[in-house]
Amino acid sequence: MGVNRPSPAAVLALDAGNSKTDAVLVGADGTVLGTGRSGGFQPPRVGVEAAVDVLGEAVAAAAAAAGLAAPPFAARVSACLANADLPVEERQLAGAIAARGWGAATEVRNDTFAVLRAGVDRPRGVAVVCGAGINCVGMLPDGRTARFPALGRLSGDWGGGGGLAEEAVWWAARAEDGRGGPTALARALPGHFGLAAMAGLIEALHLGGIPRGRLHELVPVLFAVAAAGDAVASAIVERQAEEVVALVSVALERLGLLEEEVPVLLGGSVLAARHPQLNGRIGELLSGRAPRARVSVVTAPPVLGAALLGLDALGAAAGAHGRLRTQFG
């Protein structure tokens, strides 16, 4: 007599960023069957196969929680991944994931799509993510999308946490040595690390006494200095607001949504911090370009968006999406 094996899930959802990976197995009715978490997804640094191995750790944990001993675990793998910035990268990653046999079909998207779908009731709207970097995507129910390469300065991007920190250091360095105007950043930035002046911070960053990876710690310092009225810091925040609105406006225009009532979602650590000077200015500027846009900050986890995209693709029964969403609070 054979042993009954639990039926595979409808969707295996993956949301993978540079610091962590989340996996969720979802039934056809929207019930969460199992979850798992593993480390960051960084194919440019470790290679595609090693990066997919990290995904596999989260998948294995979710499968164990769902009582699934062996793949295939789901009818569809819906993976929203950092570093999947170009269609060619999405195809490469989709092939590597499909080869693991976790699902009968596999779709890979950039992780910004997960943020967008997590924040809307149906796949229609625009999302901009401002975390370590900056990216923007838009989508319509008929499958049309708007997106950008999001490869940093190479593709015309400006800002994000890394860009903001570097810009603040640049202006502070010039203020201290006289090439630029005065700014409180010249004392506040080194002060964050217990240093007296920018010369010490520059030396520490150059020689490795302070790892470059810690530059992101200076972003809240920048916003605090701006909020206190510093003109240089405020100009940096203003430029970031302008960049966000430029991305959103172009995405809306490409999808024919500039004049329509449409959700615009803000995500990523910089925007999720809800700095009044930045988020408020985004709302003001966008109202002049897309007066009917409804701006809000996404609070739902991105892996929910990946799961909803999977249910969309499967044509899930009415109620499945809502049931899934209630389980994420």
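Residues numbered from 1 in each chain as written. Predicted model: local features only at pLDDT ≥ 70, side-chain atom pairs only at ≥ 80, totals over all residues. Heavy atoms only, no water.

**Q** What exactly am I supposed to notice about the pairing of strand β6 (residues 125-130) here?
**A** Taken residue by residue, a regular strand's side chains alternate between the two faces of the sheet. In terms of burial, β6 is largely enclosed, as 6 of its 6 residues are buried. Residues of β6 alternate between two faces, with Gly-125, Ala-127 and Val-129 on one and Val-126, Val-128 and Cys-130 on the opposite face, all of them buried. Across 6 bridges, β6 lies against strand β7 (residues 134-139) in antiparallel orientation. In the sheet register, Gly-125 faces β7, and the bridge partner there is Met-139. Where β6 meets strand β9 (residues 262-267), 4 bridges bridge the pair, whose relative direction is parallel. (Buried < 20%, exposed > 50% of the residue type's maximum accessible area, 1.4 Å probe, protein only. Helix = DSSP H or I, 4+ residues; strand = E, 2+ residues; numbered from the N terminus. Pairing = 2+ DSSP bridges.)

**Q** It is not clear to me how the sheet that holds β6 should be interpreted in this structure. Could you clarify?
**A** Hydrogen bonds between backbone groups are what pair the strands of a sheet, and the pairing can be parallel or antiparallel. Reading across from one edge, β8-β7-β6-β9-β10 is the order of the 5 strands in this open sheet, with mixed pairing throughout. Two strands in the sheet have a free side with no partner beyond their single neighbour: β8 (145-147) and β10 (293-297). Adjacent strand axes in the sheet meet at a mean angle of 15° when their direction is disregarded. (Axes fitted to C-alpha atoms, helices over the stretch in contact; angles between N-to-C directions.)

**Q** Looking at this model, I keep getting lost on the pattern of salt bridges. Mind explaining?
**A** Oppositely charged side chains can pair when the atoms bearing their charge come close. One pass over the full model with this rule turns up 17 salt bridges. Linking Asp-312 and Arg-117 is a salt bridge whose minimum nitrogen-to-oxygen distance equals 2.8 Å. Residue Asp-312 is found in helix α12 (residues 302-314), and its partner Arg-117 is found in helix α4 (residues 112-118); the two are separated by 195 residues along the sequence. On the accessibility criterion, Asp-312 (27% relative accessible area) is partly exposed. The salt bridge involving Arg-281 is made with Glu-238; its shortest N-O contact spans 3.0 Å. (Salt bridge = Lys/Arg side-chain N within 4 Å of Asp/Glu carboxyl O.)

**Q** Would you take a moment to explain the sheet that holds strand β1 (residues 9-16) for this structure?
**A** Spatially, β3-β2-β1-β4-β5 is the arrangement adopted by the 5 strands of the open sheet, whose pairing is mixed. Among the strands making up the open sheet, the edge pair consists of β3 (32-38) and β5 (103-110). Across the sheet, the mean angle separating the axes of adjacent strands is 15° when strand polarity is ignored. Bridge analysis of β1 against strand β2 (residues 21-26) gives 6 bridges, and the strand direction is antiparallel. Bridge pairing in β2 links Leu-12 to Leu-25. Along the sheet face, helix α2 (residues 48-66) touches β1, β2, β3 and β4 (74-81) and points at about 150° away from the line of β3. Relative to β5, helix α3 (residues 87-98) is tilted by about 150°, and along the sheet it contacts β4 and β5. (Contact = heavy atoms within 4.5 Å.)

**Q** Teacher, can you tell me more about the state of the cysteines here?
**A** Here, the word disulfide means a covalent bond between the sulfur atoms of two cysteines. Scanning the entire structure with this criterion turns up 0 disulfides. Cys-136 supplies the cysteine sulfur nearest to Cys-80, a cysteine that is in no disulfide, at a spacing of 15 Å. Judged by relative accessible area, which is 0%, Cys-80 ranks as buried. Free of any disulfide, Cys-130 has its nearest neighbouring cysteine sulfur in Cys-136, separated by 11 Å. (Disulfide = S-S within 2.5 Å.)

**Q** Help me understand the side chain of Thr-21, please; the structure alone is not making it clear to me.
**A** Within the element layout of this structure, Thr-21 appears in strand β2. For Thr-21, a relative accessible area of 0% gives the class buried. Here Gly-39 takes part through its backbone oxygen, which lies 2.8 Å from a polar atom of the side chain of Thr-21. Contact partners of Thr-21, with chain neighbours within four places excluded, come to Asp-15, Ala-16, Gly-36, Arg-37, Ser-38, Gly-39, Gly-40, Phe-41, Val-54, Leu-55 and Ala-58. (Polar contact = N/O pair within 3.5 Å; in protein donor to acceptor, adjacent residues only side chain to side chain.)

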